[in-house]
Amino acid sequence: MKKFKEAFEKIKNANHIVLAAHKNPDGDALGSSLGMYAVLKEIGKRVTVFNVTSPLPKYLDFLPNFNKVTNTLPKEYDLMISLDCASFDRIGIEKRPPFLINIDHHISNTNYGDINIINPKAAATAQIVFEFLKANSLPINKDAATSLYAAILTDTGSFQYDSVDERVFQIASELIKHGANPAYVAKMLFQRDSLSRLRLLAKAYDTIEMCCDGKAAFVEVTKEMLEITGATRDDTDTIVNSVRNIEPVEIACMLREDEDGIKISLRSKNYADVSKIAVKYKGGGHIRAAGATIKEFDFEKIKNMLKEDIKEALKEDK
Ligand SMILES: [Mn+2]
């Protein structure tokens, strides 16, 4: 791919590179950043990993060089590579960087970079990072392999989503060859729950409301639930997936009370395009996983609004 070469030329000529993923980063955002970081350091580049969010989600603290991530931009740098950011504002900075390489797999990506490497078919941004590294014969060390593997594992729902194909397993296999340890990564990601998180899940699951003949379900997380259980916002991450896992459910929606409104997280199982719903509320995402923040605090009002959108999205079933 020509763009892979072009991007690498820019990297070679840069003095100070900033890697930036989206605010409230997930496994793919941070894993892609730290995967790229490990390789660029190995070839002797000066690199800063930036993320506007602080503190970062604790469940990702096992990623190699996690503690190198900073929420302060260096005063001077000449190249930024954004990873997993569908739009420029997702990076969380005001000023445009001197030069920007945009690497992402969101179908809603706005091509805001000077070089845009977008592949909506990729299961994770980390997959594109991997293809980029391969295309330029760059050295994938153990740290890079671990971060990229973790990114792919999280963004495919542990290899469960429609995006998973032969290539995803080939890449996973290569990353294991380069030193990623699948059992270790899985344990670090999925077997370090806190008791507060389980208590929060119990409270949240208690609010599940089915609608549309069981084809849709809502679940709520209030600030009070977080306060009572001592759980954090990151602890809410998997709730909407579990609700989608209810057998007849095609669309699941979590409503979470945040400082600036109610965050909606949408998931679908087989056919519904939830990214359309998210985009309507100025959010974004993928066909099967999307989200937005609505500046409004009335759960019932938002649910009633969303029920109409969900009914529309459910019509896509043939
Ligand atoms: Mn991603």
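Now for a description of the structure that goes with this document. (Residues numbered from 1 in each chain as written. Predicted model: local features only at pLDDT ≥ 70, side-chain atom pairs only at ≥ 80, totals over all residues. Heavy atoms only, no water.)

1. Re the overall build of the protein
Step number 1: Looking only at helices and strands, the protein has 11 helices and 11 strands in total.
Step number 2: Over its C-alpha atoms, taken along the principal directions, the protein stretches across nearly 55 × 40 × 35 Å.
Step number 3: Counting across all 318 residues of the protein, residues that qualify as buried make up 53%.
Step number 4: A separation of at least 24 residues holds for 61% of the contacts in the protein among residues at least 6 apart in sequence.
Step number 5: In the protein, the 44 positive side-chain charges and the 45 negative ones have mean positions that sit 4 Å from each other. (Helix = DSSP H or I, 4+ residues; strand = E, 2+ residues; numbered from the N terminus. Buried < 20%, exposed > 50% of the residue type's maximum accessible area, 1.4 Å probe, protein only. Contact = heavy atoms within 4.5 Å. Lys, Arg positive; Asp, Glu negative; His and termini not counted. Charge placed at Lys NZ, Arg CZ, Asp CG, Glu CD.)

2. Looking at the sheet that holds strand β6 (residues 209-211)
Step number 1: A sheet is described by the order of its strands in space; here six strands give the open sequence β6-β7-β8-β9-β11-β10, paired in mixed fashion. Of all the strands in the sheet, the pair left with one neighbour each is β6 and β10 (284-285).
Step number 2: Direction of pairing for strand β8 (residues 251-258) relative to strand β9 (residues 261-268): antiparallel, over a ladder of eight bridges. Following the sheet pairing, M254 is matched in β9 by S265. (Pairing = 2+ DSSP bridges.)

3. Quick look at the sheet that holds strand β3 (residues 79-83)
Step number 1: One open sheet holds the five strands; their spatial order is β2-β1-β3-β4-β5, and the pairing between them is parallel. Edge positions in the sheet fall to β2 (46-50) and β5 (115-118), since each has one partner strand and no second. When the angles between neighbouring strand axes are averaged without regard to direction, this sheet yields 15 degrees.
Step number 2: The pairing of β3 with strand β4 (residues 100-104) spans four bridges and is parallel. Each residue of the ladder has a partner; that of M80, found in β4, is L100. (Axes fitted to C-alpha atoms, helices over the stretch in contact; angles between N-to-C directions.)

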